[in-house]
Amino acid sequence: MIARSEPTCRTCGRSLQGVQVSASRRSGTTDELGPDEPERDNSDGSDLLAALLDGMDAALCAFDADGVVTHWNREAERILGWSADEAVGRRGLAGWAVRSADAEEVEGRLLSAMHAPGRQVHEFALLTKDGGRVLVRTQSAAVRGPDGKPAGVYCAFSEVHVQIDLERSIALSEALFEDASWGVVLVDVDLRPAVVNAHAARALGAGRTSVLGRPLGELIAQGVEELESALQHVLAEGAPPAPAEVWVTVRTPEGERRRCWRSGFLRLASPLAEEPVPLGVGWLFQDVTEAKQAEQEASLLRFRTQQLYRASRAAAECEDPAEAATIHLDFALAGFADHALIDRVAGGALTDTEAGPVRLVRVAATPSGAPGPSKLAGRAGLPVRYSEGHPALQCVERVGALRASSGAVSPEQAREWALARQWPPDAVHALCAVLRSRGRTLGVVTFLRGAGRGAFERSDAMYAEDVAVRIAAALDLAGLSDEE
């Protein structure tokens, strides 16, 4: 936009003052000529300027120093309904684009930008061609002439709600990547991080810039396949209807950490393309590891409590106390272990004052092949060939629970480890709990897990001790029955 004190070109807004003025090849316009300057065709420049103005996303108008409209683009026409032919050449906005009562104030605020540094922002209501009112936000700035003096003012404006929406979008983007309390990662179409906020960088155990462009497999040790599959699905099909919980193992300078991330995904498309072109995926996640672990522990505790209750009800209906002991064993086995053994002290119970070698006799065991109920054994009363230092013998000596594991060895070595301890060949983790009743040690119950399960933990030992108390009571009752 160029202001004019003399008549100006309605297409390009150039001043028409000069020594000579001639008609342009484009009808209805004139070009400035110097004293000895040959006539030139400015149609290309005019077309380019018109195309640039009409292609702008914001509405734009310009005024010369006298307040006459010199430019009016298509977006201004769309918002207010006035065409360029109707707007250009009018003096001021009164009576057509602004109410007459408000015109003096509005025009004064707009034209004041000619004598103010930088840009000025205002909000006021404009009139549409059909008589409606539109609240707009304007940015106006001075236009300087060749001599550096103010020659006019240009004004870019848009509807307030559109501007506010844009500002909110920008503010939201900046807040997400600076102050968000959850992780935000923009992943490109190659499934590599392009932008990472501070929270996500901490969760990934790296700096914000060091993770950019790296494959996710370099940051995540386990679970990366599931995460990449989710990202590829979003690129192809769009965002899922609900958040997904993804378990991953993250590589950090302190070591690997197992985490659960509740993740939401958004497919990003370019707003500038005629057809949606995927730019990548917006991945938002929150660490819910502690909550998920607490939820799993609570669920497991409820299940085990129900199993103990059901086992007690079933055992109460058994006439044979030894059979009741096997019922407690079978109910405890569900979801807890793969195999279980009950060994009783040979020759009767041990008091805490007795010392010497201990021999154990097999009382009951679960089938080592196909799954099935525990079976009573050891009618002959022959001791089990446990070597010195066997976990079951240590459990009796310590009068407490004991855990054992084959460790990180080959399958052949793990098999040898289990067979050397008289356990099923697929056992790799063991948990022994002492059988105590009436202040005496009756024996030991051993729970065994295969390679498909994790090692026993402290909470597992507490559950095994609860089961051992019930088995010991049943075996003690069985011993009293035999004496009678």
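Predicted model, so just to flag it, every value in this text is computed and none were measured.

Colleague: Which residues make up the sheet that holds strand 19 (residues 440-449), and what values do they have?
Modeller: The sheet built from six strands is open, its strands ordered 16-15-14-19-18-17 with antiparallel pairing. Every other strand in the sheet has two partners, leaving strand 16 (375-376) and strand 17 (402-405) as the edge strands with one partner each. The sheet contact formed by strand 14 (residues 339-345) and strand 19 spans six bridges and is antiparallel. Paired with R344 across the strands is G443, a residue of strand 19.

Colleague: Describe the pairing of strand 19, with residues and values.
Modeller: For a regular strand, side chains alternate in direction, first toward one face of the sheet and then toward the other. Most of strand 19 is tucked away, with nine of its ten residues classed as buried. Direction of pairing for strand 18 (residues 429-437) relative to strand 19: antiparallel, over a ladder of nine bridges. Bridging from a neighbouring strand, A430 pairs with L448 of strand 19. Hairpin connection of strand 18 to strand 19: two residues between the antiparallel strands, including R438 at a positive phi of 55 degrees.

Colleague: Before we move on, could you go through the sheet that holds strand 6 (residues 133-144) and cite the residues and values that matter?
Modeller: Hydrogen bonds along the backbone pair up the strands of a sheet, which may run parallel or antiparallel. Taken in spatial order, the five strands of this open sheet run 4-3-7-6-5, and their pairing is antiparallel. In this open sheet, the two strands that pair with only one neighbour each are strand 4 (69-72) and strand 5 (120-127). On average, each strand axis in the sheet is tilted by 30 degrees relative to the strand beside it, whichever way the strands run. Inspection of the sheet shows strand 3 (residues 59-64) paired to strand 4 by three bridges, in the antiparallel sense. Bridged to C61 within strand 4 is W72. Against the sheet, helix 4 (residues 100-111) touches strand 3, strand 5, strand 6 and strand 7 (150-159), its axis set at about 150 degrees to strand 5. In this fold helix 5 (residues 160-176) packs onto strand 5, strand 6 and strand 7, with an angle of close to 75 degrees to the strand it touches most, strand 6.

Colleague: Explain helix 5 to me, using residue names and the numbers behind them.
Modeller: In a regular helix each residue adds 1.5 Å, so 17 residues correspond to 24 Å; helix 5 covers 24 Å between its end C-alpha atoms and thus fits that length. Considered for burial, the residues of helix 5 that qualify are V160, Q163 and L176. The elements touched by buried residues of helix 5 are strand 5, strand 6, strand 7 and strand 8 (183-187).

Conventions adopted
- Within any chain, residue numbers begin from 1 and follow the written order of that chain's sequence.
- Only residues with pLDDT of 70 or above have their local features reported here, since the model is predicted, and side-chain atom pairs are shown and tallied only from 80 upward, although totals for entire chains, interfaces and linings are computed over all residues.
- The side-chain numbers reported here are obtained from all heavy atoms of the structure, hydrogens and water having been left aside.
- If DSSP finds at least two bridges between two strands, the strands pair.
- Under the DSSP-based scheme used, a helix requires at least four consecutive residues in state H or I and a strand at least two consecutive residues in state E, with every element numbered from the N terminus.
- Type-normalised accessible area, obtained with a 1.4 Å probe on protein chains alone, sets the label of each residue: buried when under 20%, exposed when over 50%, and partly exposed for intermediate values.
- To get an axis, fit a line to the C-alpha atoms, keeping to the stretch in contact for a helix; angles then go from 0 to 180 degrees between the N-to-C directions.
- The criterion used for residue contact is that any of the two residues' heavy atoms lie within 4.5 Å.
- Helix span is expected to be 1.5 Å times the residue number reduced by one.

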